[in-house]
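Each chain is listed here by its residues.
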Amino acid sequence: MTQNPPAVDANALPPDLLTKPDVRVETLENGLSLLVCREDSAPVVAVQFWVETGSIHEGRWLGSGISHLLEHLMFKGTPRRGNSEMARDIHDLGGRLNAYTSFDRTVYYTDVPVEGWVQAAEILGDAVNHSTLPEEEFEKEKEVIRREFAMGRDDPERELSKLLFGTVFTRHPYRLPVIGHLDLFNQLTREDVLAYYRERYSIENQTLIVVGPVDFEEARGHAQRLFGGIERRPLPDHVLPTEPPCQAPRFRRKEFPTKLTRLSQVYPVPGVAHHDVPALDVLAAILGDGRSSRLYQRIVEIEGLAEFIDAYVYAPSSVGVWGIDARLRPEREETVLAAIGEEIHRARQSEPTEEEIERAIRTGLMAELRSQQSMRGLAASFGRGWLTDRNPLLSHAYLQRLEMVTPAQIQAVAHRYLIESRRSTVVLAAEPEEMAAVPAPDAAAPSAYRKAEPLTFPHVTALKVAAAELPLLTLRLTLPSSLLHEPPELAGINRLASQLLRKGTKRRNAAQIARSVEQLGGRLQCDSGNNSATLGVELLASDAAVGAELLAEILLEFEPTENELATEKRKQLAALEAELDRPLQVAGAALREALYTGTAYAHSALGTAASIERISLDDIHRHLCEHAFHQGLVLTAAGDLAPEHRWRPALEGALTQLPPPPVEDAAARVIETALDGEMRVEKRMDKEQAVLAIAYPTVPVRDPDRLCLDLLDQALSDLGSRLFVRIREEMGLAYFVGTTQFLGRGAGYFCFYLGTDPGQREAVEAALREEIARLVKDGLTQPELDRARAKMLSALKFRTQNAAALAFAASLDELFGLGYVFSDRQAERLAQLSLAEVNAVAARYLGQPRQAVALVSPN
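Chemist: Before we go on, may I ask you to explain the overall build of the chain in this structure?
Modeler: When helices and strands are counted, the chain shows 30 helices and 22 strands. Relative to the compact-globule value of 29 Å for 859 residues, the chain shows a C-alpha radius of gyration of 27 Å, a close match. Its C-alpha atoms give the chain principal-axis dimensions of roughly 70 × 70 × 60 Å. Among the 859 residues that make up the chain, the fraction classed as buried is 63%. Total accessible area computed for the chain in this model is approximately 32,000 Å², and 50% of it derives from carbon and sulfur atoms. Placing the 95 positive and 121 negative side-chain charges of the chain at their respective mean positions leaves the two points 1 Å apart.

Chemist: Would you explain the packing of helix α3 (residues 117-130) against helix α8 (residues 216-227) in this entry?
Modeler: Relative placement of two packed helices is described by the angle separating their axes and the distance separating the axes. Interaxial distance between α3 and α8 falls to 11 Å at its minimum, and their mutual angle equals 35°. Considering the relative orientation of α3 and α8, their crossing is right-handed. Listed contacts from α8 to Trp 117, Val 118, Ala 121, Glu 122 and Gly 125 of α3 are Glu 218, Ala 219, His 222, Arg 225, Leu 226 and Phe 227. Its residues assigned to classes, the contact of α3 with α8 shows six nonpolar, two polar and three charged.

Chemist: Please explain unusual backbone geometry as it appears in this structure.
Modeler: Although it is not a glycine, Ser 84 sits at a positive phi angle of roughly 75°. Relative to the assigned elements, Ser 84 resides in the loop between α1 (66-73) and α2 (85-92). Ser 84 gets classed as buried once you look at its relative accessible area, which sits at 4%. Phi at Arg 390 takes a positive value of approximately 55°, unusual for a residue other than glycine. By the secondary structure assignment, Arg 390 is in the loop between α13 (375-389) and α14 (394-403). On the basis of relative accessible area, Arg 390 is assigned to the partly exposed category, the value being 42%.

Chemist: Is there a simple way to think about the sheet that holds strand β1 (residues 23-27) in this case?
Modeler: Where strands meet in a sheet, backbone hydrogen bonds hold them as pairs that are either parallel or antiparallel. The strand order across the open sheet formed by six strands is β1-β2-β6-β3-β5-β4, and the pairing between neighbours is mixed. Looking at which strands have only one partner, the edges of the open sheet turn out to be β1 and β4 (96-101). Taking each pair of neighbouring strands and ignoring which way they run, the sheet shows an average axis angle of 15°. Relative to strand β3 (residues 44-51), α13 is tilted by about 25°, and along the sheet it contacts β1, β2 (33-38), β3, β4, β5 (106-113) and β6 (206-212). In this fold helix α27 (residues 782-799) packs onto β3, β4 and β5, with an angle of close to 95° to the strand it touches most, β5.

Chemist: Would you take a moment to explain the pairing of β4 for this structure?
Modeler: The side chains of a regular strand alternate, first on one face of the sheet and then on the other. Side chains Leu 97, Ala 99 and Thr 101 project from β4 onto a buried face, and the interleaved Arg 96, Asn 98 and Tyr 100 project onto a face without burial. Looking at chain direction, β4 and β5 are connected through six bridges and run antiparallel. Considered in β5, the bridge of Thr 101 is made with Thr 106. Counted between consecutive antiparallel strands, the loop separating β4 from β5 contains four residues.

Chemist: Looking at this model, I keep getting lost on the confidence of the model for the chain. Mind explaining?
Modeler: Atom-level detail of predicted coordinates should not be read off regions where pLDDT is low. In the predicted model, the chain carries a mean pLDDT of 91, and 96% of its residues have values of at least 70. Put simply, helix α29 (residues 822-832) is where the chain has its lowest mean pLDDT, 86, and β6 is where it has its highest, 98. The low-confidence segment residues 1-12, where pLDDT is below 50, has 24 contacts with residues more than four positions distant or belonging to other chains. Segment residues 433-447 is flagged for pLDDT under 50; beyond a separation of four residues in sequence, or across chains, it makes 36 contacts in the model.

Chemist: Mind showing me how you'd approach the sheet that holds strand β21 (residues 748-756) here?
Modeler: If you trace the five strands from one edge of the open sheet to the other, you get β18-β22-β19-β21-β20, paired in mixed fashion. Here the strands that pair on one side only, and so sit at the sheet edges, are β18 (678-685) and β20 (734-743). Averaged over neighbouring strand pairs, the angle between their axes works out to 15° when direction is ignored. Examined bridge by bridge, β18 and strand β22 (residues 851-858) share eight bridges and lie parallel to one another. Opposite Arg 680, over in β22, you have Val 853 as the bridge partner. The strands touched by helix α20 (residues 583-595) within the sheet are β18, β19 (690-697), β20, β21 and β22, with β22 carrying the most contacts at an inclination of about 150°.

Chemist: What exactly am I supposed to notice about the side chain of Gln 572 here?
Modeler: Within the element layout of this structure, Gln 572 appears in helix α19 (residues 562-579). Under the relative-accessibility criterion, Gln 572 is labelled buried at 4%. Excluding its chain neighbours within four sequence positions, the residues that come into contact with Gln 572 are Gly 492, Arg 495, Leu 496, Ala 605, Leu 606 and Ile 612.

Chemist: I tried to follow helix α15 (residues 407-417) on my own but got confused; where do I start?
Modeler: Three or four residues apart is the spacing at which side chains of an α-helix point the same way, because the helix has 3.6 residues per turn. Here α15 has its buried residues at Pro 407, Ile 410, Gln 411, Val 413, Ala 414 and Tyr 417. Projected down its long axis, α15 shows its buried positions confined to an angular sector of 160°, all on one face. Contact partners of the buried residues in α15: β8 (261-270), α9 (277-288), α11 (333-349) and α12 (354-371).

Chemist: Would you mind showing me how to read the side chain of Thr 673 here?
Modeler: With respect to the helices, strands and loops of the structure, Thr 673 is situated in the loop between α23 (644-656) and β18. A relative accessible area of 11% places Thr 673 in the buried class. At 2.7 Å, the side chain of Thr 673 forms a polar contact with the backbone oxygen of Leu 595. There is a polar contact of 3.2 Å between the side chain of Thr 673 and the backbone nitrogen of Leu 675. Ignoring any residue separated from it by four or fewer positions in sequence, one finds Thr 673 in contact with Leu 595, Tyr 596, Pro 697 and Arg 850.

Chemist: Could you clarify how one ought to interpret the pattern of salt bridges in this entry?
Modeler: Side chains that differ in charge, positive against negative, can pair when their charged atoms come close. Applying the stated rule across the entire model yields 73 salt bridges. Across the pair Asp 111 and Arg 376 runs a salt bridge, and its minimum N-O distance is 2.6 Å. Linking Asp 111 in strand β5 with Arg 376 in helix α13, this pair joins segments that are 265 residues apart in sequence. Note that Asp 155 is salt-bridged to Arg 582, the shortest N-O span being 3.4 Å. Through salt bridges with shared partners, one network takes in Arg 80, Arg 81, Asp 89, Glu 122 and Asp 126.

Chemist: Which parts of the structure should I look at to understand the environment of Leu 124?
Modeler: You can see Leu 124 is positioned in helix α3. Spatially, the C-alpha atom of Leu 124 lies 47 Å from that of Glu 355, the residues being 231 residues apart in sequence. In contact with Leu 124, other than residues within four places in its own chain, are Val 47, Gln 48, Phe 49, Phe 75, Leu 97, Tyr 108, Tyr 109 and Thr 110.

Conventions used here
Residues numbered from 1 in each chain as written. Predicted model: local features only at pLDDT ≥ 70, side-chain atom pairs only at ≥ 80, totals over all residues. Heavy atoms only, no water. Helix = DSSP H or I, 4+ residues; strand = E, 2+ residues; numbered from the N terminus. Rg over C-alpha atoms; globule rule 2.2 N^0.38 Å. Buried < 20%, exposed > 50% of the residue type's maximum accessible area, 1.4 Å probe, protein only. Areas by Shrake-Rupley, 256 points an atom, 1.4 Å probe, with all protein chains shown as cover. Lys, Arg positive; Asp, Glu negative; His and termini not counted. Charge placed at Lys NZ, Arg CZ, Asp CG, Glu CD. Axes fitted to C-alpha atoms, helices over the stretch in contact; angles between N-to-C directions. Left-handed = near helix turned anticlockwise from the far one by under 90°. Contact = heavy atoms within 4.5 Å. Nonpolar A, V, L, I, M, F, W, Y, C, P; charged D, E, K, R; others polar. Pairing = 2+ DSSP bridges. pLDDT = per-residue confidence, 0-100. Arc of directions from axis to C-beta. Polar contact = N/O pair within 3.5 Å; in protein donor to acceptor, adjacent residues only side chain to side chain. Salt bridge = Lys/Arg side-chain N within 4 Å of Asp/Glu carboxyl O.

If you want it as structure tokens, here you go:
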């Protein structure tokens, strides 16, 4: 901080760390705002239309969700394009198309390879400005959104958010959910939506944002040619009501069919432009952002009262909230609220330390740097700044304000805003019958921009991806431990072991490890999946030595305590229970059990309640030593590699001491399904929606057929796919429909899934099976294949935006025996793949009698 520098010079931020992007702004004659930023780091362009209208601007339709309904209808047709054609045209360019509605905006966006950005902008602008909102699509889309209402009522996080905003705000439109209230939504007519569209989508209420390797003058010329002729329409002023001050504490509780209680406690604060908000942000970071924060250390780590806790500031415009969210066992609600109250009292009574402030500032800086790792992230940052303050570089200015925060200011805002009389507390609580003990659940791209390259390192495979645009460095160890290394009685050990990697060494406990990284604004990354685990650290490049030394220490001196093991077990059991709240995850678990009974793939990476309880520290050490901490791991360094001398010695010394990889690897074996026909599994949940999933066993991740299966997955999973068009658009039977894959080193499956009204279960399954049969018989069409191929080739280009993601993908390819250049070979193979090859694979796997069917229905 500039006014009160930390005592330790090593923690000081380097000057001019955050480069200010060159954003050019212009307003066309008709009022359209144009923001263009040239960014040459990847061959990708983000194109976004920001319309300054959201649920708080709905006027006489307030609370109906008309903004959200309009967003859904926007791609249904224009005079130039019919239903689904816009999505298909974008996908033909290799792009991705999507949109979202918020309180204060509706955003339509696409990411596309640079050569197609002008066409993508024209398509997006055509939808935003010339939609016809076809009458035949109106009621169909309303029914789709009714399914979304049901999904929201099934989702505890959404229900908590609705409860919170409806409690904190009594006059301001933030009190109303963006999706609206169902009874008001049902009253909307097409004429209402057309009137709202004409009123709020005036061209002067729009901003076009273009970020990528694009020249400003060229972009301005295209914007003028494509959109300069659109006439502006009158745009009425929209004055939002002032929220009256809260005079007494508010408390609301809602029972919900869930295994874990969720609670939020918030206080009203001013909007982002207010001079107190930076200090409020720092206060939130000190109390609840990261594992070394006060609340996380006390409530999650030390006292074990909650499974998750976080503090935040949500202050988008003129009014916002400072809040704390927690997820916990129902019986611990009062204890957690009391502990939160004690920590808030402490914040009001004493100033934070310089170390805590420095960590908070670095956390904010690192968040901004991370947002700049993709064109979409940059465009979104510019859009938020423009919408809020007519300053696309608002985030940069805000960071400067953040660095000026003093300890006295932080204590002052705690006194000023965290007042008991203004507090609102909401609790989404487990229903009484759910409060008993929970039973165990059922058993990189070819590009001239950047690429992965070998990194000379003794004893291990090492890769590097250079990206000097941002002063970030990610050091990652991709560990070969996987589900196939888990004996059935220890299912979930790979996940548990990965989470324990941050929990202690012979020199430091979990809190000290977290503090050492978060004090520098960095992140210690420990995770696992079906096929690997990871141990990594992301820091400023100038702090690389700290990260390397920590990774070396964990490798050689890993030593968590029994208490830390108990804490992580508790959290993993809670994550298992959280899966039981989500019908789609319940369906996936049923599929795995049906396909791979008795094998390591029968359960998710979380394991089972029984197996988690059985795991000991000796088991953890044995698992890591035998399957993770050996020279079969892959090291990656991604980002600003210039200070290599700072981090190489520590890692070389540690990796040299690791044993060689085992001669025989359990992850090399193939897991066969025991199914010889169809198996149906039905689950009941206290939810409103029904989920259907059909899975066919396929092949492990290394199999040559994998590429054809990936193309099928791409072709069947977007907004222009035959499944989406037929089942959701034409028949209106499902809210969501698509495909996914389970990708394992020893097996795989291809899954069709959808969410529907319970009364439509038989009709929607018949329609889905009809589409599968048609796919097996006739295969994809050439346009479908070309579109999927373009999307996959584009995905390889998109990956080049983030050096760490590119390096991680290459490390997995290397770990699986595919080679780090697999992405380049994949691109070549994609270009050569024929329609006949893809359709032969579709018939081979999707036409087989072996299949698992999971149906999750309301009680």
